[in-house]
Amino acid sequence: MHHLLPLLVALPLLGAALLAAAGRRLPRPAVELTGLVVSAATAALALVLLLNSSPPMVEWVGGWVPVGGESVGIEVIGDGPSLGMAALVALLTLAALAYSWRYFDEPPRGHAGSFPALMLVFQGAMCGFALAGDLFNAFVFFELMSVVAYALTGYRIDDPKAVQGALTFGVVNSLGAYAMLTGIGLLYARTGELSMVKIGRGLDSTGGQGGPDALVLAAFALVMTGLLVKAATVPFHFWLPDAHAVAPTPVCMLLSGVMVELGVYGVWRVYGTVFAGPGGIPAADLTRALVTLGVLTSVTGAVMCWYQRHIKRLLAFSTIAHTGLFLIAVGVLTPEGDDGAALYILGHAGVKAALFACTGALLDRFGSVDEHALHGRAGRLRATGVLFALGGLALAGLPPFGTGLGKAVSEEAVGGPLTVVYVAASAVTAGAVLRVAARVFLGLGTPPQDTGAYETSGSREEPETSGLLGRVPDTMTTVPAVLLAAALAVGTVPGFGDLVARSVNEAGSGGARASAEWTPHGVLLGVASTALAVGLAAGAVSRRRRPAVPAWTAPLRRLQSGHVGDYVAWLLVGATVLAALALPGVLGG
Amino acid sequence: MSRRLRLWLLAVGGAGLAALLAAACLDLPGFGGRAHPYGTRAVRASLARHTANTVASVNFDQRAYDTLGEMSILFAAVLGCVVLLRQARDEHRERPRPAEVARPVRRYALLVVPVALVCGLYVIAHGQLSPGGGFQGGVVAATALHLLYLGADYRALERVRPLGTFETVDALSVCAYLVLGLAGVLAATAFLANTLLPYGTFDTLSSGGTVPLLNAAVGIEVASAVVVLLANFLDQAVEIEEGNGG
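For clarity, every value in this text was computed on a predicted model and none was experimentally measured.

1. A few points about unusual backbone geometry
All names here are of chain A. Geometrically, the link from Val 234 to Pro 235 is a cis peptide bond, its omega value of 0° lying close to zero. Note on placement: Pro 235 falls in the loop between α8 (214-230) and α9 (239-246). In this structure, Pro 400 follows Pro 399 across a cis peptide bond, with omega equal to 5°. With respect to the helices and strands, Pro 400 occurs in the loop between α14 (382-395) and α15 (402-414).

So this is what it looks like as C-alpha cells:
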C-alpha cells in the first residue's frame, strides 16, 4: 500500500502533462472532463490511503530503504494528518474544477488545457508538500505550489490589478522560500541530513549538552518565516488580500481553503519533527512565538475584515483571522490543540470555499463584488443568498458545523483569556459576512452614498465568464451547497471528531490521546459567537447613517499599501521578531 | 507608508536578520573538514549502481523525486508563461520587419549554431558520466537555436521553432519521466526505483540503469521549455504591440 503514496503527486502531474500536450486538439468538454476525472481519481486514492493510515506509513521513493539506519533517499510520510491534508487538497480541487465547468470566456487561444492543467499541477504540488517527510523535498513542492499559484492568480491578464496582485504574491512568497532554503542550508551544515526525522536527531545529538545555539535559532526563524509567509501570518500577510482580490474565484477557493492552511500544517510538522527535541527550540519559546503572532494575526484580520466593502478582500481578511486562530491552537502544543486545529481547518475549508463560490456567482451575474454597489440587487439569487448567509453562520462557529466543533475543541485546548480571541475573531468576521448578506441579498439598511474617500471598492470588476450571466448556472450553486454540507458533516457525523483526533495524535503529540467531541461548553461558546455575529451585522445594517470608518483603524488600513517594498520590509522585520520571540530559550539553554 | 518609514523598517529588519545570520555562521562547522556524512553515502550508492557522475546519481536516482519537483516547476513556469504572456484584449500582433545583420555577425552565428547545438546534445548525453546533464545541456541546446535570431532575423528563428511542437514535446517529456517512475510502482518496487534496467558497464554511455533515460527526459524538457519561455518573452518584445491595431 505504501508504494502508492507518491502517486498522489504523480497522477495529477501526469494528468496536467497530458492536458498540456493534447489540450489544443481536444474539444473543451473533453479537456475539462479529463481534469475532473484525474482529480477525482486522486481524491479517491487519497481517501483509500487515509483509511489505511493507521499505523502511519513511510515510503522511501526509489526504494532507498535505510540500511543500518542510513539512507540517501527521500521519505514520504503517509500518516493521518498528511493524508488528510492530501485528501482535502484533492477534494477541494475537484470542487473548484467542477465550479469552473465552462467558466472562463475564452481559454488562451490554442491552449484550452492550460487552466485545468495548472490546477492539477497545483493539486499535485500541495499533495507533495503535505506528504513530504524530507525537508528539502518539502521546499521543492513549496516552490512548485508557489509558482503555479502566481500564474493562476494573474490568470486574468486584461486586468492590471491581477498582474499587480500576482507580482506582489510572487515577490513576497519567493523571499519566504529563500528564507526557508537558507534555513535548510544551516540545518544541513550542522547535521548533514535532509530527512526531517534525522535532522531532529542530529540537532539533539550535536547540541544536546549545551541546548540550542545561534545556528539552531537562525535556522528555526528562517524556516518558520517561509512557512508563515505561506500561512499569511502578521506581519507576513500583506500579499494575501491583494492576491485573493484578483485571483479567479476557483483559485481563491483553493488558496483560502487549503494552501494557506498548508503553511500552518508545515509549522506543525516541522516543529514537531525537527525542532521539538532537546537540541531544538524549547516548547515555551515556540508557544510564545506562535501565540503572539497568532493573536496579532487574528485581531488584524478581524478588524480589517470588518471594514472592507470589496467582498473578496473581506473574505481574504477573514481567512487571515482564522489562520491566526489555527496558529494559536497549534502553538499551545497540546494534543487537544492539534485536534482542534485539524477539525477547524477541515470545517473552514468547506465554508470558506463555499463563500468564495457564492461571491463568484455575484461577480459573474452583476460584474461587481462591491457591497455598496450591490446593495439590494441580488434579491433574486435566492439559493446563492441562503448559501452565503449559511456560510456566514458557519464561519461564526454555529453548532453543529465543523467549524464550530473545531473552534470548540481549540477553545478548550487554549483555555483562559485566549478563548476571547476565538469568540471575537470568529464573531467579527462572520458578522461582516452576514452584514454583506443582509445588504446585498435582502437589501436591508439604507442604501449607501458614496463618500468619495478612496478605497478598494470592487465595483466595475470584469466578470470571469463571457459577459454577465443571465442566470447563475447550476454548478455555481451546487458546488457551494455540497461544500457547506461537507462542513456540516465534519461536525455532525458521529465519531468523526474522535477519528480525526486519533489519527492526528497518532502522528504527533507524543502518543498522548485526546477526544474531540461536542461539549456543552463548546456549544455555548459557538452559539455565543453566532449571536454576537448576528448582533454585529444587525447593528451595522440598522444604523440610520453609515458611520465613517473610525480613525484608529487608519494606520492599520494604511499598512496594506499595495507597495511591494513595504511588504518586503515587513518580512524582514517579521523574521527578526520571530527570532527575538524564540531567543530566551537559546540564551537560557 | 512614507519612504523614510519604509527605510527605517528595512534597516531594523535587515540589521536583525544580519546579526542573526552572522551569529549562525560562527556556529557553522569549520571550513574543509573531513567528515561529510551525506557525501560519503551518496558516492557509495552511486558507485554501487555504476553511475560515474555522482551528481547525476543524486539527481536522477537517489533524489529523483526532488528532480521530478524541479522539472515540474519548469513545466509549470512554461504553462504559466503561456497563460500570462498571451495576447491581451488591447494588444495586436505585428509581423516583425526583416532586419539587416552585419555580415561578420551573420557568418559567425551561422557557423556556431551547429557547434553549439552538438555541444548541448553532448552535455545531455554524457550526463551520467561527466559534469553536466539534462538541465545544463538543455539550456545550451535551446540557446543555440537563438543564435539564428542574432545571425539572421526573427522570422528565421520562427521557422526553426514551431512553438506548438515544442510545447507538446515539453509536456511529453514530463510524461516520460513520470511513466518511467510509475514503471517502478507497476513492477512492485517503488516509484522512481532504479531497479528495472541492468546497471551496465561502469563509465559507458549505457551505464546507470534508468539514470540516462531520466536524464534524457529532463534534457529534452529543459531544452523545449527554454525555447518556449524565450519565445513568449521575445514575442512580447518583438511582435505584440499595444493598441488594437485595427
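Moving on from the model shown.
2. So, the domain arrangement of chain A
Residue and element names in this part refer to chain A. Taken domain by domain, chain A holds domain 1 (1-64 + 71-133), domain 2 (156-280 + 565-589) and domain 3 (282-451 + 481-547). Inter-centroid distance (C-alpha atoms) of domain 2 to domain 3 is 24 Å. Taken together, the contact between domain 2 and domain 3 spans 28 residues of the former and 35 residues of the latter. If you list the elements that add at least two residues to the side of domain 2 that touches domain 3, you get α9, α10 (249-275) and α21 (564-588). For the side of domain 2 that touches domain 3, the element with the most residues is α10, which contributes 13 residues. Split into classes, the residues belonging to the side of domain 2 that touches domain 3 amount to 18 nonpolar, nine polar and one charged.

3. A look at the interface of chain B and chain A
In this assembly, 61 residues from chain B lie in contact with 63 residues from chain A. Those elements that provide at least two residues to the side of chain B that touches chain A are α1 (3-26), α2 (37-48), α3 (54-62), α4 (64-84) and α9 (163-186) of chain B. Ranked by residue count, the leading element in the side of chain B that touches chain A is α4 of chain B, at 14 residues. For the side of chain B that touches chain A, a count of residues per class yields 37 nonpolar, 14 polar and 10 charged.

4. Section: the packing of α10 of chain A against helix α13 (residues 335-366) of chain A
Residues and elements named next belong to chain A. Axis separation between α10 and α13 bottoms out at 7 Å; the angle between their running directions is 165°. Here α10 lies roughly antiparallel to α13, going by the angle between them. Remark: the crossing between α10 and α13 carries right-handed chirality. Contact residues: α10 offers Thr 249, Cys 252, Met 253, Ser 256, Gly 257, Val 258, Glu 261, Val 264 and Trp 268, while α13 offers Asp 338, Ala 341, Ile 345, Ala 349, Lys 352, Ala 353, Phe 356, Ala 357, Thr 359, Gly 360 and Leu 363. Residues belonging to the contact of α10 with α13 are distributed by class as follows: 12 nonpolar, five polar and three charged.

Analysis parameters
- Residues numbered from 1 in each chain as written.
- Chains lettered and ligands numbered in written order.
- Predicted model: local features only at pLDDT ≥ 70, side-chain atom pairs only at ≥ 80, totals over all residues.
- Helix = DSSP H or I, 4+ residues; strand = E, 2+ residues; numbered from the N terminus.
- Domains from an automatic or database assignment.
- Contact = placed C-beta atoms within 7 Å.
- Nonpolar A, V, L, I, M, F, W, Y, C, P; charged D, E, K, R; others polar.
- Axes fitted to C-alpha atoms, helices over the stretch in contact; angles between N-to-C directions.
- Parallel < 35°, antiparallel > 145°, perpendicular 65-115°, else oblique.
- Left-handed = near helix turned anticlockwise from the far one by under 90°.

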